[in-house]
Amino acid sequence: MSTNQQLFDRAKISIPGGVNSPVRAFRAVGGTPRFITRAQGAYMWDAEGTRYIDYIGSWGPMILGHGHPAVLDAVRKAIEEGFSFGAPTEREIELAEEILSLVPSCEQIRLVSSGTEAGMSAIRLARGATGRSKIIKFEGCYHGHADALLVKAGSGLATFGHPTSAGVPAEVVQHTLVLEYNNVEQIEEAFRTQGSEIACVMIEPIAGNMNFVRSSVPFVKRIRELCDQHGALFVFDEVMSGFRVALGSAQSLYAELIPGFRPDLSVFGKVIGGGMPLAAFGGPRRIMEQLAPLGPVYQAGTLSGNPVATACGLATLREIKKPGFFEALSARTAQLAHGLQAAAQAAGVPLVSECQGGMFGFFFASELPQNYNVVMATDKERFNRFFHGMLDRGVYLAPALYEAGFVSAAHTAEDIDATLAAARDVLAQL
Ligand SMILES: *Cc1c(COP(=O)(O)O)cnc(C)c1O
């Protein structure tokens, strides 16, 4: 049996940094990444046989927990029928119909294989549909690693302290404006000076790549107005928040608070694949019909709408649609988020928490941050000690203070209680 450290040392020989996605390397928190051998329900086991309560859930997709029987059945059946055909299938229609029935802003949707691909394609579509080049994004929002979006992006990059990635020519990002999240004045100023050139504004409505920060209602409302006035498209990146914070995704929450609110385009991933490589982007028919083969905006993918991935996603969506699913998940998540805050208060440690649906965040600070700079100014040293204390006690939290956490339907009240007991123990030593 190999230890985590032996596997990490071996991995570093054949894989850059030993990982296939940077945050997994534990660079932000230090220490040795856990090499996972299997997972079931709310738990994961590492190579040394240690069990963890999993609050990453593959960074969001595992909303049902690991190895849900209905999902396993669907995937097994799909595998028997064939892995990939490169031709259309009925299951793609079923998944598209399922997503559209839950998201009224979308009349059509196209399936792809990763959130990065979906976000990149949505921007190409927005540019093609408007005939404009400029895009606006917000600091701390992550929309995948497409060149034009690697401008002070959140996750991963933040750890390494680079405002942009090497290998991205300045010309490629010259049309990307990066503004402060929740800053109404900045977006007004951007539209005042360049409104006629802006193709789209892209946002994580509930940002999960700078821990957990909500976009304020006045901010979203103002962006909607500015986009309408200037003919720009409003793109909701719901790769993380989609079908995770509510059955209708984050946009359904804003629609309750802003009458008639809809984004123009939406980007999904994570939960809609249930742990398989699957993502999507959608919007009104008149915009979506700009895509090839109907329109001039090219977009394609060998494995897009893969029959096994769509089976997995479809089975997952059918479970989360069941009555009471989100009520139960929200209550469980709130038990954790509120419990953490109460435990910290009892220990005299400043900590604030936030949650929505099955997604949560917490900050070693006395007030909830409203933007990236404030998030990054929270107590990193304390977070890292807390993270390792929890890991040592069998609780696997996201290994960086700028990442959100996830609770699944498989987490029981006892799992949360055990987590809070561990937290009390660790907080007493901070
Ligand atoms: C995870 C994520 C992406 C990128 O998705 P990948 O599947 O990792 O390419 C894009 N946007 C948001 C909001 C995300 O959380």
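See above for the structure.
Residues numbered from 1 in each chain as written. Predicted model: local features only at pLDDT ≥ 70, side-chain atom pairs only at ≥ 80, totals over all residues. Heavy atoms only, no water.

**Focus: the overall build of the protein chain**
Part 1: Helix and strand counts for the protein chain stand at 15 helices and 16 strands.
Part 2: A compact globule built from 430 residues would reach a C-alpha radius of gyration of about 22 Å, and the protein chain, at 21 Å, matches this within 12%.
Part 3: Counting across all 430 residues of the protein chain, residues that qualify as buried make up 57%.
Part 4: Taking the intrachain contacts of the protein chain between residues at least 6 apart in sequence as the baseline, contacts between residues at least 24 apart amount to 73%.
Part 5: Just so you have it, the protein chain exposes about 17600 Å², and 52% of that area is on carbon and sulfur atoms.
Part 6: Within the protein chain, one finds 36 positive and 42 negative side-chain charges whose respective centroids are separated by 2 Å. (Helix = DSSP H or I, 4+ residues; strand = E, 2+ residues; numbered from the N terminus. Rg over C-alpha atoms; globule rule 2.2 N^0.38 Å. Buried < 20%, exposed > 50% of the residue type's maximum accessible area, 1.4 Å probe, protein only. Contact = heavy atoms within 4.5 Å. Areas by Shrake-Rupley, 256 points an atom, 1.4 Å probe, with all protein chains shown as cover. Lys, Arg positive; Asp, Glu negative; His and termini not counted. Charge placed at Lys NZ, Arg CZ, Asp CG, Glu CD.)

**Here we look at the layout of surface pockets**
Part 1: Empty space within the largest pocket amounts to approximately 1500 Å³.
Part 2: Lining the largest pocket are 49 residues, and of these Ser21, Val23, Arg24, Ser58 and Trp59 lie nearest its centre.
Part 3: Broken down by secondary-structure element, the contributors of at least two residues to the lining of the largest pocket are α4 (115–130) and α5 (157–160).
Part 4: A per-class count over the lining of the largest pocket returns 24 nonpolar, 18 polar and 7 charged. (1 Å grid on protein atoms, 1.4 Å probe; cavity = no way out; pocket = protein on both sides within 12 Å on 5 of 7 lines; lining within 4 Å. Points joined across faces, edges and corners; volume = space filled by probe spheres on them. Nonpolar A, V, L, I, M, F, W, Y, C, P; charged D, E, K, R; others polar.)

**Examining the packing of aromatic side chains**
Part 1: The full count for this structure, using the stated rule, is 19 aromatic pairs.
Part 2: Relative to Phe261, the ring of Phe236 lies with its centre 5.4 Å away and its plane at 40 degrees, an arrangement referred to as tilted. One end of the pair, Phe236, is in strand β10 (residues 233–238); the other, Phe261, is in the loop between α9 (249–257) and β11 (265–268), with 25 residues separating them in the sequence.
Part 3: Phe236 sits in the buried class, given a relative accessible area of 0%.
Part 4: Judged by its relative accessible area of 5%, Phe261 is buried. (Phe/Tyr/Trp six-rings, centres within 6.5 Å; stacked < 30°, edge-to-face > 60°.)

**Focus on the site of the ligand**
Part 1: Neighbouring the ligand are the residues Ser114, Gly115, Thr116, Tyr142, His143, Gly144, Glu204, Asn209, Asp237, Val239, Met240 and Lys270.
Part 2: Thr116 places a side-chain nitrogen or oxygen 2.7 Å from an oxygen atom of the ligand. (Near = heavy atom within 4 Å. Polar contact = N/O pair within 3.5 Å; in protein donor to acceptor, adjacent residues only side chain to side chain.)

**Observations regarding the pattern of salt bridges**
Part 1: On inspection of all chains with the given rule, the structure shows 16 salt bridges.
Part 2: Ionic pairing is found between Glu94 and Arg318, a salt bridge with its closest N-O pair at 3.3 Å. Of this pair, Glu94 sits in helix α3 (residues 90–102) while Arg318 sits in helix α11 (residues 307–320); the two residues are 224 residues apart in sequence, bridging distant segments of the chain.
Part 3: A residue is classified by how much of its surface remains accessible, and Glu94, at 27% relative accessible area, is partly exposed.
Part 4: A salt bridge links Glu98 to Lys321; the shortest N-O distance between them is 2.6 Å. Separated by 223 residues along the polypeptide, Glu98 in helix α3 and Lys321 in the loop between α11 and α12 (325–347) bring together distant segments of the chain. (Salt bridge = Lys/Arg side-chain N within 4 Å of Asp/Glu carboxyl O.)

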